[in-house]
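# Tertiary structure, described
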Amino acid sequence: MNTKVMIPVEHILLASTACSKRALIAEIAGLLPALDPDQILELIMAREHLGSTGIGHGVAIPHSRMSDLPEPVIAMARHPEGIDFDAIDGQPVYIVVMLLVPDDEEGQHLELLAKLARLLQKPEFRESIMAIDDIQAMSDLFAGVQLL
Amino acid sequence: MNVLILGAGEVGFHIAQRLASEGNDVSVIDNDAARLQRVADTMDVQTVLGYASHPTTLAQAGAENAELLIAATTNDETNMLACQVAHSLFKVTTKMARIREADYVNHPKLFGRDELPIDLIISPEHEAAKSIVKRFQVTSAVDAQEFANGKVQLLGMRIPPKGHLAGIALSELHEVVDGLRTYVVAHEHNRLWRVPTPETVLLAGDSIYLAVAGRDVERLLACMGSEEYRGKSSAQRNVLIVGGGHVGYIVAQQLEKLGTSVKLIEYNPMRAEWLAEHLDRTVVIHGDALDRQLLEEESIDTIDDFLALTNDDETNILGSLIAKKYKVGHIVTLVNRAIYSDLMREMGLEITVSPRLTTASAILRHVRKGRIFDLSTLGDGTLEVLEAEALKTSAILNIPLSELQLPENTVIGAIIRGDKVIIPNGDSMVEPNDHVLLITQGTALREVEKLFEVGLEFF
């Protein structure tokens, strides 16, 4: 199954200036005003408490289920200085892609998460993300890849 | 993790020290410059002088980045208000408040996401009282701690000179206990607490903790064979409580429920009167607990349990020493200040309860990563017990314990699977959603946490 990663431009933050993991997640949650940013912050932090989603190489994929969500929602932020995300390799995180999924369909969400993780593990893709200086280009970059 | 601690008193100080030593970014707020200076001199944390509930003070302390706020000032209202401010203005993820006044705590409707946003209410007096009553129920042991709603107990006891346990190695223990499933999870010899190995030999005078299923406790104590371990049941015991403050009152209340006959000595006449009105069957005596004539009038030599629970450490220690002179079998001493806790054993007082330590454990349990249900200390506090749920995708799952790479000085004392208690051996495996009771040296806690952390694919 081929999936596209659609990140609308308004869900993209190119240069976060947050000073902590929590503040960064609050910023990304703030990109989704229609979805109750406070609740997103709580859900994501609760999941992070069970184990960090910082997968190494400066990438984190915080995620959570959320009830009353019609379809998966993705938002992302870039932090040029890097931030302590409690990642598994202990390194700062520069790229944060947040994934919120509806309360059902276990298998599909896992697949989407796994595909995102595989994509972000490619060094050339991470380099492209860091090189972009425009939100439309960022949205296009994600839309242009076929997730395998 | 960014942590804000409000109040640099005994509890705040202890928690700040603990969290800072584990590499967290800690800020401590207090309005007393001298107390704050003591914190700044002792540990690597940020200190902010000011009123804990004021938005500017909280902002200055970095509330915007904080994941956890621990409101531990001596003022209930400040603590509650600080949680509200931290929630409404700074969206701090987890908020804990120390609340003493039972009148607040008894109204759970006050608290919640849309009410007073406090995730955990901590009452040092309640925690201390709870731990006193808990161990009272197994008075024959020196210490007893319940886990998983009583499905598992850790019994702490001394090895008596002529008991069946003196001189045996742990690998031979099963013969003494008649095949009963039990596991020695902690061992003290010459005042040094360790997690034992199968080769460890128990000597008279050593102390141990045994993990045992709640339903097997009586049988286990019976197997130990020594008279010392055969206590009277709660209802037959005569208890003398000294001090009718928060802790004394709660303990007396709980003991009444167990059917124990309780006498309580209170120094303050007004408080004594109040206690007499509010307690049902407890005999309240107005007087000085250090008055030997009074103690003899109350026939202290026939008392089974002496609980020194005033809010004055010195009175508690002296009272306990007097009780010891009258050969009271079971003496519990409440001690607030850290400096005394270290001295207690030197003075021959074995059982101390420290509101500071019990409260700190209650808080730290919620700081740990993963789904932790209980965290408390054993012995002199160097060993910790952790009850955690093994969630799907965590590293601890589906590996026989003999092959599982546990951190050093760490053992799994019990696995709780639904209603079943498994006292494990090398072939046992942890399955998803099991509760695991694990004993470790405090320094290895971070590594232990990793065993329970979920993988990326956990939703």
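For clarity, every value in this text was computed on a predicted model and none was experimentally measured.

Before going further, it helps to examine the interface of chain A and chain B. On the side of chain B, 27 residues touch chain A, which itself brings 30 residues to the contact. A buried area of about 2200 Å², summed over both sides, lies between chain A and chain B, and 56% of it is on carbon and sulfur atoms. Summed over the three residues of chain A that lose the most area to chain B, namely Arg-22, His-49 and Leu-50 of chain A, the buried surface amounts to 34% of that side. Where chain A meets chain B, there are two salt bridges.

Right, let's talk about the sheet that holds strand β1 (residues 2–6) of chain B for a bit. Whenever strands of a sheet pair, they do so through backbone hydrogen bonds, lying parallel or antiparallel. Residues and elements named next belong to chain B. Here we have six strands laid out as an open sheet, ordered β3-β2-β1-β4-β5-β6, and parallel in their pairing. Strand pairing shows two members of the sheet lacking a second neighbour, β3 (46–49) and β6 (120–122), which therefore form its edges. Strand-to-strand twist in this sheet, taken as the mean axis angle between neighbours without regard to direction, amounts to 15 degrees. Bridge count between strand β4 (residues 68–71) and strand β5 (residues 94–98): four bridges; the pairing is parallel. Following the sheet pairing, Ile-70 is matched in β5 by Met-96. This element, helix α2 (residues 33–42), spans β2 (25–30) and β3 of the sheet and lies at about 175 degrees to β3.

This brings us to the confidence of the model for chain A. Of the residues in chain A, 97% have a pLDDT of 70 or more, and the chain-wide mean is 90. When mean pLDDT is compared element by element in chain A, strand β3 (residues 59–60) of chain A scores highest at 96, while helix α3 (residues 106–120) of chain A scores lowest at 87.

Here we come to the side chain of Ser-16 of chain A. All names here are of chain A. Note on placement: Ser-16 falls in the loop between β1 (12–13) and α1 (21–30). Its relative accessible area of 1% is what places Ser-16 among the buried residues. A polar contact of 3.1 Å, which involves the side chain of Ser-16, links it to the backbone nitrogen of Ala-18. At 2.5 Å, the side chain of Ser-16 and the side chain of Glu-27 are in polar contact. Apart from residues no more than four positions distant in its own chain, Ser-16 is found in contact with Leu-24, Glu-27, Arg-78, His-79 and Pro-80.

Cut-offs used in this document
- Residues numbered from 1 in each chain as written.
- Chains lettered and ligands numbered in written order.
- Predicted model: local features only at pLDDT ≥ 70, side-chain atom pairs only at ≥ 80, totals over all residues.
- Heavy atoms only, no water.
- Contact = heavy atoms within 4.5 Å.
- Buried area = accessible area lost by both parts, 1.4 Å probe.
- Salt bridge = Lys/Arg side-chain N within 4 Å of Asp/Glu carboxyl O.
- Pairing = 2+ DSSP bridges.
- Helix = DSSP H or I, 4+ residues; strand = E, 2+ residues; numbered from the N terminus.
- Axes fitted to C-alpha atoms, helices over the stretch in contact; angles between N-to-C directions.
- pLDDT = per-residue confidence, 0-100.
- Buried < 20%, exposed > 50% of the residue type's maximum accessible area, 1.4 Å probe, protein only.
- Polar contact = N/O pair within 3.5 Å; in protein donor to acceptor, adjacent residues only side chain to side chain.

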